[in-house]
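Close look at the chain arrangement
Each chain, written out:
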Amino acid sequence: MPSAGFGRLKRGGASPDQVMAVDVQFEDRIREIEGLVGGYLRNPQDESTRQALLAELEKLDDQTARADAYSNSRAVLVRYQVPRSWVTGATSDASIAEDVPSAEFKAQVALVKAARSAIRDTTAEAQSALQRANDELAEVRRREAGG
């Protein structure tokens, strides 16, 4: 995954409510994976759900590789300058960003990693780790919503 080190702080700079600028298409792909994880957890033996999750994970890998290539090429161009902004998952200067709380993004990354593991290794342990990652993401969102 792209580095999560490009977070920025909400007003005041010292708030624990860090947000990250995340490419909208990248975030949409992660949310698609989240939805597929729910179905996969309900029925891990359903091959069509497993294949759909695998396909989305591969699309995310492809977008991540393009984002890394863009980020690396951009870093060379701004080697001695501080870039105006960094958008996680961006694949071009035209990428549109949305703010995502960094705790949520971190939980999403953990969910994607757990999904990759569960797809490769269908053991009860991998499935349990995926369920925990899914639950943690739900908990992060609940806390962010103030509940």
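Summary of the structure given here. All values reported here derive from a predicted model rather than from experimental measurement. (Residues numbered from 1 in each chain as written. Predicted model: local features only at pLDDT ≥ 70, side-chain atom pairs only at ≥ 80, totals over all residues. Heavy atoms only, no water.)

As a further point, take helix α1 (residues 24–42). Taking 1.5 Å of rise per residue, 19 residues should cover 27 Å, and α1 covers 28 Å from first to last C-alpha, within 8% of that figure. Among the residues of α1, those classed as buried are F26, E27, I30, I33, E34, L36, V37, G38, G39, Y40 and L41. Two to three positions downstream of the cap, the backbone nitrogen of Q25 sits 3.0 Å from a side-chain oxygen, assigning the N-cap of α1 to D23. (Helix = DSSP H or I, 4+ residues; strand = E, 2+ residues; numbered from the N terminus. Expected span 1.5 Å × (residues − 1). Buried < 20%, exposed > 50% of the residue type's maximum accessible area, 1.4 Å probe, protein only. Polar contact = N/O pair within 3.5 Å; in protein donor to acceptor, adjacent residues only side chain to side chain.)

Let's shift gears to the nonpolar core. The biggest cluster of nonpolar side chains holds 27 residues, and the ones touching the most others in it are I33, V37, L53, L57, F105 and L130. At the level of secondary structure, the elements contributing two or more residues to this core comprise β1 (19–23), α1, α2 (47–77), α3 (102–120) and α4 (124–144). With 9 residues, α3 is the single largest residue contributor to this core. If we skip the residues at most four places from it in the chain, L130 touches V37, Y40, L41, L111, A114, A115 and A118. (Core = buried A, V, L, I, M, F, W, Y, C linked by side-chain atoms within 4.5 Å. Contact = heavy atoms within 4.5 Å.)

The subject of this paragraph is the pattern of salt bridges. Scanning the entire structure with this criterion turns up 12 salt bridges. Ionic pairing is found between D62 and R66, a salt bridge with its closest N-O pair at 2.5 Å. One end of the pair is D62 and the other is R66, both in helix α2 and 4 residues apart, which spans about a single turn. What makes D62 partly exposed here is its relative accessible area of 42%. Judged by its relative accessible area of 40%, R66 falls in the partly exposed class. One salt bridge connects R141 with E104, and the closest N-O pair in it is separated by 2.9 Å. Of the two residues, R141 sits in helix α4 while E104 sits in helix α3, which places them 37 residues apart along the sequence. (Salt bridge = Lys/Arg side-chain N within 4 Å of Asp/Glu carboxyl O.)

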